[in-house]
Amino acid sequence: MSKYGVIAGNGRFPLLALEAAQRLGDEVVAIGIKEEAQPEIEKLAAACYWISLGQLSKLIEILKSEGVTEVMMTGQVKHASIFSAIQPDLRLFKLLSALKEKNTDSLIGAVVKVLADEGIRLVDSTTLLKPLLAGAGLLTKRKPSQAEERDIAYGRRIANALAAHDVGQSVAISDKACVAVEAMEGTDAMLQRAATLVNGRPLRLVKVSRRRGHLLFDVPVAGPGTIATMKETGTTALAIDAGRTLLLDRDEMLAAANASSISIVGYAPE
């Protein structure tokens, strides 16, 4: 039996990870982010603690008191929350003050170093959910049309170029034009914004994994909610990075996509 920590953000990701740990018989200490995580995590962990965004010292104290030396980040923390809701403790304040750039990679990378200095290792956030990583090739019944394939190819070039600068994970494309780029608002809000700009023309959604060599944090996620937003906004195709994108509630998601004739394809990461 293994013992490790799970830092829980929002969405289904933390719940699925904790359920998987239960099935494996692993002992898991959950640290829920008050502003983000669902209360259900308490029922799925051997122990559960709650911290606010910015309480880095408290996080380290909890992990040390529980004898945890490996921890994974699961679920999202809204990027806007990092700027609007965070009240950093002294340790995090010093860390933030020393950063040259306050993007995701810089911020989490600095936290990773602080944890490592305390003997705590951040591990692959998909460790418990490997079966939910998207495969390569067509994942739905309908293949992309030629027009969709052209938009996807264009979108992947744009998304990967932006991801190299830590700007979002997703772009919305229509007729080989980039209609919207995801920044702090998240994918759903980006699609809803894009739909107001195209006068009813179909959109395509392209998500990429930032060209990272790891899956420690900020892993691309799609699920039934993604499909619902795609249907609402007239988004007809979804392109994702195979092996680096989590499909939460996969069967439900793919069934919803098929019911709405949405095409989903997994591509080799670039």
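The following paragraphs examine the structure supplied in this document. These numbers were taken from a predicted model, which means no experiment stands behind them.

**Some thoughts on the sheet that holds strand β13 (residues 263–267)**
Thinking step 1. As summarised here, the arrangement of the 6 strands in space is β6-β13-β11-β9-β7-β8, forming an open sheet in which the pairing is mixed. Strands at the two margins of the open sheet, each flanked by one partner only, are β6 (137–138) and β8 (177–181).
Thinking step 2. Running over the sheet, helix α7 (residues 146–163) touches β7 (170–174), β8, β9 (203–207), β11 (235–241) and β13 and is turned about 145° from β7.
Thinking step 3. Contacts from helix α9 (residues 224–233) reach β9, β11 and β13 within the one sheet, and its direction differs from that of β11 by about 145°.

**So, the pattern of salt bridges**
Thinking step 1. Considering all chains together, one arrives at 13 salt bridges under this definition.
Thinking step 2. Salt-bridge contacts for Glu-118 lead to Arg-91; the nearest nitrogen and oxygen are separated by 2.6 Å. Of this pair, Glu-118 sits in the loop between α6 (104–117) and β5 (121–122) while Arg-91 sits in helix α5 (residues 90–98); the two residues are 27 residues apart in sequence, bridging distant segments of the chain.
Thinking step 3. According to the relative accessible area criterion, Arg-91 is partly exposed, its value standing at 31%.
Thinking step 4. Asp-117 is the salt-bridge partner of Lys-113, the closest N and O atoms lying 3.3 Å from each other. Highlighted residues: Lys-113 and Asp-117, both in helix α6, separated by 4 residues, approximately one helical turn. Each of the two residues, Lys-113 as well as Asp-117, counts as exposed.

**As for the sheet that holds strand β3 (residues 47–51)**
Thinking step 1. Reading across from one edge, β3-β2-β1-β4-β5 is the order of the 5 strands in this open sheet, with parallel pairing throughout. Here the strands that pair on one side only, and so sit at the sheet edges, are β3 and β5.
Thinking step 2. Set on the sheet, helix α1 (residues 13–24) makes contact with β1 (3–8), β2 (27–33) and β4 (70–74); between it and β4 the angle comes to about 140°.
Thinking step 3. Lying over the sheet, helix α3 (residues 56–65) contacts β1, β2, β3 and β4, oriented at roughly 165° with respect to β3.

Thresholds applied
Residues numbered from 1 in each chain as written. Predicted model: local features only at pLDDT ≥ 70, side-chain atom pairs only at ≥ 80, totals over all residues. Heavy atoms only, no water. Pairing = 2+ DSSP bridges. Helix = DSSP H or I, 4+ residues; strand = E, 2+ residues; numbered from the N terminus. Contact = heavy atoms within 4.5 Å. Axes fitted to C-alpha atoms, helices over the stretch in contact; angles between N-to-C directions. Salt bridge = Lys/Arg side-chain N within 4 Å of Asp/Glu carboxyl O. Buried < 20%, exposed > 50% of the residue type's maximum accessible area, 1.4 Å probe, protein only.

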